[in-house]
There are 2 protein chains.
Amino acid sequence: MPGSDEERMQALRALRDTGIDSPARAAGVLGEIHPADAAEWLQDLDDGDAWHVFVELDTGFQAEILEFADEGLINDLAARMSAGDLRSLVEELPSDDAVDLLAEADERVAEDVLDSIPVEDALVLRELSAYPPDTAGGVMKTEFVNIQRGTRVGDAVKEVKKEGEEAEDILGVFILDEEQNPVGFLSDRSLLTHSIHDLVEDVMVEPFTIDANADQEEAANQIQKYSLSALGVVGPDGALVGVISAEDAAEILEEEAREDIQRLVGTTAKQQTRLPVLVRTRQRMPLMAVTVLGGLVSAKILSYFLGGDETGGDASILRYLPLIIGLAGNVGIQSSTILVRGFATGEVEPEREGAVLLSELTVGTLVGLICGGVTIFIASWMEAGTWIDLFGVAVGTAIAVAVSWAAFLGCAVPVSCRRLGIDPAIVAGPALITLSDISGSLIYILVARQLVGF
Amino acid sequence: MPGSDEERMQALRALRDTGIDSPARAAGVLGEIHPADAAEWLQDLDDGDAWHVFVELDTGFQAEILEFADEGLINDLAARMSAGDLRSLVEELPSDDAVDLLAEADERVAEDVLDSIPVEDALVLRELSAYPPDTAGGVMKTEFVNIQRGTRVGDAVKEVKKEGEEAEDILGVFILDEEQNPVGFLSDRSLLTHSIHDLVEDVMVEPFTIDANADQEEAANQIQKYSLSALGVVGPDGALVGVISAEDAAEILEEEAREDIQRLVGTTAKQQTRLPVLVRTRQRMPLMAVTVLGGLVSAKILSYFLGGDETGGDASILRYLPLIIGLAGNVGIQSSTILVRGFATGEVEPEREGAVLLSELTVGTLVGLICGGVTIFIASWMEAGTWIDLFGVAVGTAIAVAVSWAAFLGCAVPVSCRRLGIDPAIVAGPALITLSDISGSLIYILVARQLVGF
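Residues numbered from 1 in each chain as written. Chains lettered and ligands numbered in written order. Predicted model: local features only at pLDDT ≥ 70, side-chain atom pairs only at ≥ 80, totals over all residues.

## Description of the overall build of chain A
1) Next: When helices and strands are counted, chain A shows 23 helices and six strands.
2) Next: Oriented by its inertia axes, the alpha-carbon framework of chain A measures out at about 95 × 50 × 50 Å.
3) Next: Across the 454 residues that make up chain A, the buried fraction comes to 52%.
4) Next: Contacts spanning at least 24 positions in sequence make up 68% of the contacts within chain A whose residues lie at least 6 apart. (Helix = DSSP H or I, 4+ residues; strand = E, 2+ residues; numbered from the N terminus. Buried ≥ 20, exposed ≤ 12 C-beta atoms within 10 Å, placed from the backbone. Contact = placed C-beta atoms within 7 Å.)

## Comments concerning helix α19 (residues 321-345) of chain A
Given 3.6 residues to a turn, an α-helix orients residues that are three or four positions apart in the same direction.
1) Next: In this model α19(A) runs 36 Å from its N-terminal to its C-terminal C-alpha over 25 residues, within 8% of the 36 Å that 1.5 Å per residue would give.
2) Next: Phi turns positive, to about 85°, at G346(A), one or two residues after α19(A). (Expected span 1.5 Å × (residues − 1).)

## What about the domain arrangement of chain A?
1) Next: As assigned here, chain A comprises domain 1 (5-133), domain 2 (146-246) and domain 3 (265-451).
2) Next: Taking only C-alpha atoms into account, the centre of domain 2 of chain A sits 52 Å from that of domain 3 of chain A. (Domains from an automatic or database assignment.)

## Here's the deal with the interface of chain A and chain B
1) Next: If you look at the interface, chain A gives 78 residues, while chain B gives 78 residues.
2) Next: Among the elements that make up the side of chain A that touches chain B, the one with the highest residue count is helix α16 (residues 246-264) of chain A (12 residues).

## Focus: helix α21 (residues 390-420) of chain B
Residue and element names in this part refer to chain B.
1) Next: Spanning 31 residues, α21 covers 44 Å between terminal C-alpha atoms, matching the ideal 45 Å at 1.5 Å per step.
2) Next: Across the 31 residues of α21, 25 count as buried, placing the element largely inside the fold.
3) Next: Trailing α21 by a residue or two, G421 shows a phi angle of about 75°, which is positive.

## Re the sheet that holds strand β5 (residues 230-234) of chain B
All names here are of chain B.
1) Next: Pairing in this open sheet of three strands is mixed, and the strands run β4-β5-β6 from one edge to the other. In this open sheet, the two edge strands, each paired with only one partner strand, are β4 (209-211) and β6 (240-245). Strand-to-strand twist of the sheet, defined as the mean angle between neighbouring strand axes without regard to direction, takes the value 35°.
2) Next: The pairing of β5 with β6 spans five bridges and is classified as antiparallel. Opposite G232, over in β6, you have V243 as the bridge partner.
3) Next: Its contacts with the sheet put helix α16 (residues 246-264) on β5 and β6, and the angle it makes with β6 is roughly 65°. (Pairing = 2+ DSSP bridges. Axes fitted to C-alpha atoms, helices over the stretch in contact; angles between N-to-C directions.)

## Comments concerning the sheet that holds strand β3 (residues 182-187) of chain B
All names here are of chain B.
1) Next: With respect to topology, three strands assemble into an open sheet ordered β1-β2-β3, the strand pairing being mixed. Either end of the sheet is taken by a strand with one partner, and the two such strands are β1 (146-148) and β3. Each adjacent strand pair in this sheet contributes to an overall mean axis angle of 30°, direction not counted.

## As for the relation of the copies chain A and chain B
1) Next: Take chain A, turn it by 180°, move it 0.0 Å along the axis, and it overlays chain B with an RMSD of 0.1 Å. Such a combination of turn and shift is consistent with a two-fold rotation axis.
2) Next: A shared interface surface links the copies, since 100% of the contact residues of chain A are contact residues in chain B too. (Least-squares fit on C-alpha atoms with pLDDT ≥ 70 in both.)

## Describing the pairing of β5(B)
The side chains of a regular strand alternate, residue by residue, between the two faces of the sheet.
Residues and elements named next belong to chain B.
1) Next: Judged by how many residues are buried, β5 sits mostly within the fold: five of five residues are covered.
2) Next: Residues of β5 alternate between two faces, with A230, G232 and V234 on one and L231 and V233 on the opposite face, all of them buried.
3) Next: Bridge count between β4 and β5: three bridges; the pairing is parallel. Bridging across to β5, T209 finds its partner in G232.
4) Next: Taking the sense of rotation as the criterion, the β-α-β connection linking β4, helix α15 (residues 216-225) and β5 turns out right-handed.
5) Next: Two successive antiparallel strands, β5 and β6, enclose a turn made up of five residues, where G238 displays a positive phi of approximately 85°. (Right-handed = clockwise from strand over helix to strand, strands pointing away.)

## A look at unusual backbone geometry
Residues and elements named next belong to chain A.
1) Next: With a phi angle near 65°, Q180 is a residue other than glycine that sits in the positive phi range.
2) Next: Mapped onto the elements, Q180 comes out in the loop between β2 (172-176) and β3 (182-187).
3) Next: A residue is classified by how many C-beta atoms lie within 10 Å of it, and Q180, with 16 of them, is partly exposed.
4) Next: Unlike most non-glycine residues, S227 shows phi in positive territory, near 50°.
5) Next: For S227, a count of 18 C-beta atoms within 10 Å corresponds to the partly exposed category.

## Some thoughts on the packing of helix α7 (residues 83-92) of chain B against helix α9 (residues 107-116) of chain B
All names here are of chain B.
1) Next: Orientation of α7 relative to α9, taken along the N-to-C sense of each, is 55°, at an axis distance of 9 Å. On the basis of the axis angle, α7 is oblique to α9. In the packing of α7 onto α9, the handedness of the crossing is right-handed. Counted together, A83, L86, R87 and V90 of α7 and V109, D112, V113 and S116 of α9 form the full contact between these two elements.
2) Next: Split by residue class, the contact of α7 with α9 holds five nonpolar, one polar and two charged. (Parallel < 35°, antiparallel > 145°, perpendicular 65-115°, else oblique. Left-handed = near helix turned anticlockwise from the far one by under 90°. Nonpolar A, V, L, I, M, F, W, Y, C, P; charged D, E, K, R; others polar.)

## Some details on the packing of α19(A) against α16(B)
1) Next: Two elements in contact, α19(A) and α16(B), have axes whose closest approach is 11 Å; the angle formed by their N-to-C orientations is 160°. In terms of axis orientation, α19(A) runs roughly antiparallel to α16(B). Seen along the crossing, α19(A) lies across α16(B) with a hand that is right-handed. Between α19(A) and α16(B), the contacting residues are T337(A), V340(A), R341(A) and A344(A) on the first element and E256(B), D260(B) and L264(B) on the second.
2) Next: Across the contact of α19(A) with α16(B), the residue classes tally to three nonpolar, one polar and three charged.

## Side note on the environment of S129(A)
1) Next: Residue placement: S129(A) occurs in helix α10 (residues 119-130).
2) Next: Look past the residues within four positions of S129(A) in its chain and what remains in contact with it is V99(A), L102(A) and A103(A).

What follows is the structure, given as structure tokens:
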């Protein structure tokens, strides 16, 4: 078995490339690396392979992997789990991860599991799963240490010793009054630095809390803004029902930033580079449909005011220019945004760069071919009243070429910038769109001249 | 003096709106709220006002504010500090924040301060400031607790009690060997849960470390990926020279995400909504210049292939369409991106919404007027060889109108989405650009028809 972490990672990468003959052997190496790396490695396998390796691991390590895994992997694995697999993992996982896992599993299997675990555990999980997943209640943990007023620091430390292993993510304790309302907070650090004889209310700080129904983003922003190690989540009566850790907040903020950026360029919120090419192509279609439709409306408006070829002259073909450069610009900025953020967040590691570029280019070309193909018919029908007309073919062909080319630019520009040590974000937005606009105009005019002639 | 935090915030907001007559009274209220809120309030004041209130606060609270303040505020305040002000703050602040403050201060004043503080402190600060600010060394803290191998947990706890107040951000201790190389890490939580008689090497975990010259983003990604509470920073000989906390990592990741997004849409990395309108307008000019240039190149290419008005017909005016819709699309997406992310990160709180919208609209309109104005001359010269020609005026006017309108869309769409409970990111990207393309085409054709006639 390989010795260092780096050797293990290399062995695993080689295994991924050559195919997994022996899941047990792969699991043997996988069990030796950090669960965060293991989760990442599994995410890049085909579903079936990931599952075959996963089942060979012991439950403790499986649970650790699930804590680091993204939604896609959890979904793949959960769908294949028997009630027995699921039960042992649910018992092992912190409450928030257990709920996420149950949500991705087959509904009937999940129900079986909830019926077979201790009633009080099932009750907690059912309560947690009642909160929408993007609320504070939906992301909180219920494993936390709480201390009643009147306790001394030394006794609080003893409580942490007793409960702390379960509540390992929450780095501090909440102090509650008789109604279970949080009245104070003590970080692990203050538990260490204060005398064990101090009364907790003499050394605690004001607790930060949020309503269980508040948005998860609001909770994460509060943790970030005030540099909190934990945020208390309270129910309608003000009683503490859960806690959100700084670690959870960092994850929420990263996810929300990725979602916003990717939605702004018209892809979905998932880690794009880890999805299959066809899924990515399909996910971009709604935006592409909007862009094609908008471009056709522009063409109609322009030809209404300028007349078609008869009165407008040769240049009237330019009424389709907004459609062509709009589509090309969108696809280019999608590719570049995915790469720029992929570089920044470590989603696209150097050894994945080639594969990511190839897949991104394939997606861009597919999008170009589909949009170009569809436009041939629509433009032909709009211009000539038939399903195939030379001018429509010119517009569609120009789209296919311009969009594929824009996807190439969207990949080539960020990669070259990284190689040259320039911040890709500065060049990959504005300069890229300008380049794509110019080349789109040129491509269209050349294609139209070839096909329609003027 | 107002009683609750909410009342204090309201009093401060009212003060900001009516103007600060008595900095001492404002400071009195400010000193009662959380330093993160105080920093935010000061950031929204005019420079002079922020300073007049700041000097009325006591040094401890000033330092706390600086730990939460953004670069802009630190810069404004540092520039006005005397050597005396600066010295007391540098002594109060953790090393990383002290270095940031010194970097923003007048160079001569900073040198005076470094000469007047204890030699060993000055040495640390000089060493820290030698690292580029975006490296692991540039963001690390030098206040951390380290423990030699062979120590028992109880003695490590004593060490934390002694040093912990200084090193409050690093929630754990590094265990070092004789060469000061980190060989293990113990979180505050494990110090609490393990027996005081355990040897640290029996309970410590593998430490994560990074080279001091590595990119800060790489450091932050490592902390995020492995959910670390602290990352050790090592020098060329492998010895521990500093530590980066999870809190720092969250800040770095937020900053880097904002930078990437804003650069991709062609603005700068700063919190846009907190900058003056003229600064924001100026910062967007480089992208606008690139877009105008690109649009003119497209126009040249199109007219080369299609001929000007003589051979191309009326529709040949469309050769300027890429320029107009390109500019409008850029400005629209800038406004919407700034608002979408501003909503998400809490930068644009509800009570700032009106002011932010107004300023963003003003920036968009100014950009439109400037680009339109400049284009009048360039297009006139390109088309007619004079500095003012009716066709050039048509192009320039269309730009001014289309860009201002796109800025309006870029503000109105995200705000309406938020009101309607729709995720603004889904609509504010693709749909917005399409809308901007269509209206840009319409605006151009109507303006050109009015002015040039066809």
